[in-house]
Amino acid sequence: MTLARYALLFLIAPILLLAGCASTDQAVVPPPPDPQVQMAPLALRIAILVEEQRLKLDPNAKALAIDPELTKIAEIRARDMAKKNYLAHAAPNGDTSASLLMKDDAKWQGLLGENLAAQHYAKESGVDPDAFAARFLDEWMKSDPHRENLAYSAYDRTGVGAAVNGDTVYVTQLFASDMGLKPLADADPSSTVTSYSTPAAAQKDDARRPPPIRLRGTQGGGP
């Protein structure tokens, strides 16, 4: 009788252990982070990947410093597109990154480039900053105007803004160079913005004009 009792206890113990393992495997998977909190990491990751890709395309290109003023404008544009559900270089009210920049700094002169993009996401999987940044860069690299914009060697400053609404993430990346022009001595609200198809076209036109001028190169991203 004693041996039978011990044999029974020995057989029961492994069964209980296996039952405990099964319960652990079925633990509830936590939901993905709120996409809103992923926008800042996404913007930073885009800036890093674009810088790396830019130097692969042209090792002599100037390094891009993250500029607070450009970042603010890029965030305004991204949030506006997300809020109003559009993708274009001009907002419905006519605002552009260039007009916002000169409103913020009326003495600014130089060349401003802009890349835009939007990407859907599934709420159950959320927004992975690394994966989304890689896809945004991949789409820009497939487009000649976008690729030329991010690779333009004279740009030395950038700012990235990302915003989400519904199931879509909107991104604005700005690039800038003062093109050797000094800030205006006095604010000039009448200064014009000239749009160009490529940064190279802007530089060519700039060579034919005496300063001061203000330029804006618009590159892809919108219809």
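Above this text is the structure in question.
First things first, this report covers the structure right here in the doc. (Residues numbered from 1 in each chain as written. Predicted model: local features only at pLDDT ≥ 70, side-chain atom pairs only at ≥ 80, totals over all residues. Heavy atoms only, no water.)

## A few points about the packing of helix 5 (residues 129-142) against helix 6 (residues 144-151)
Here is step 1: It is at 5 Å that the axes of helix 5 and helix 6 come closest, and there the two elements cross at 110 degrees. It follows that helix 5 is roughly perpendicular to helix 6 by the angle criterion. Contacts between helix 5 and helix 6 pair Leu137, Trp140, Met141 and Lys142 from the former with Asp144, His146, Arg147 and Leu150 from the latter.
Here is step 2: Partitioning the contact of helix 5 with helix 6 into residue classes produces four nonpolar, one polar and three charged. (Axes fitted to C-alpha atoms, helices over the stretch in contact; angles between N-to-C directions. Helix = DSSP H or I, 4+ residues; strand = E, 2+ residues; numbered from the N terminus. Parallel < 35°, antiparallel > 145°, perpendicular 65-115°, else oblique. Contact = heavy atoms within 4.5 Å. Nonpolar A, V, L, I, M, F, W, Y, C, P; charged D, E, K, R; others polar.)

## What about the side chain of Gln38?
Here is step 1: Tracing the backbone through its elements, the reader meets Gln38 in the loop between helix 1 (2-25) and helix 2 (39-57).
Here is step 2: Residue classification places Gln38 among the buried positions, given a relative accessible area of 14%.
Here is step 3: Setting aside chain neighbours within four positions, we find Gln38 in contact with Pro33, Val127 and Pro129. (Buried < 20%, exposed > 50% of the residue type's maximum accessible area, 1.4 Å probe, protein only.)

## Some remarks on the nonpolar core
Here is step 1: Ranked by size, the top nonpolar core spans 32 residues in total, and within it Leu42, Ile46, Val50, Phe136, Leu150, Val169 and Val171 carry the most contacts.
Here is step 2: Contributing elements (two or more residues each) for this core: helix 2, strand 2 (111-120), helix 5, helix 6, strand 3 (157-165) and strand 4 (168-177).
Here is step 3: In terms of residue count, the dominant contributor to this core is helix 2 (seven residues).
Here is step 4: Among all residues touching Val171, those that are not within four sequence positions of it are Leu42, Ile46, Met81, Asn115, Leu116, Ala117, Phe136, Trp140, Val160, Gly161 and Ala162.
Here is step 5: Among the nonpolar cores identified, the runner-up in size contains ten residues, and Ala74, Ala98, Leu100 and Ala176 belong to it. (Core = buried A, V, L, I, M, F, W, Y, C linked by side-chain atoms within 4.5 Å.)

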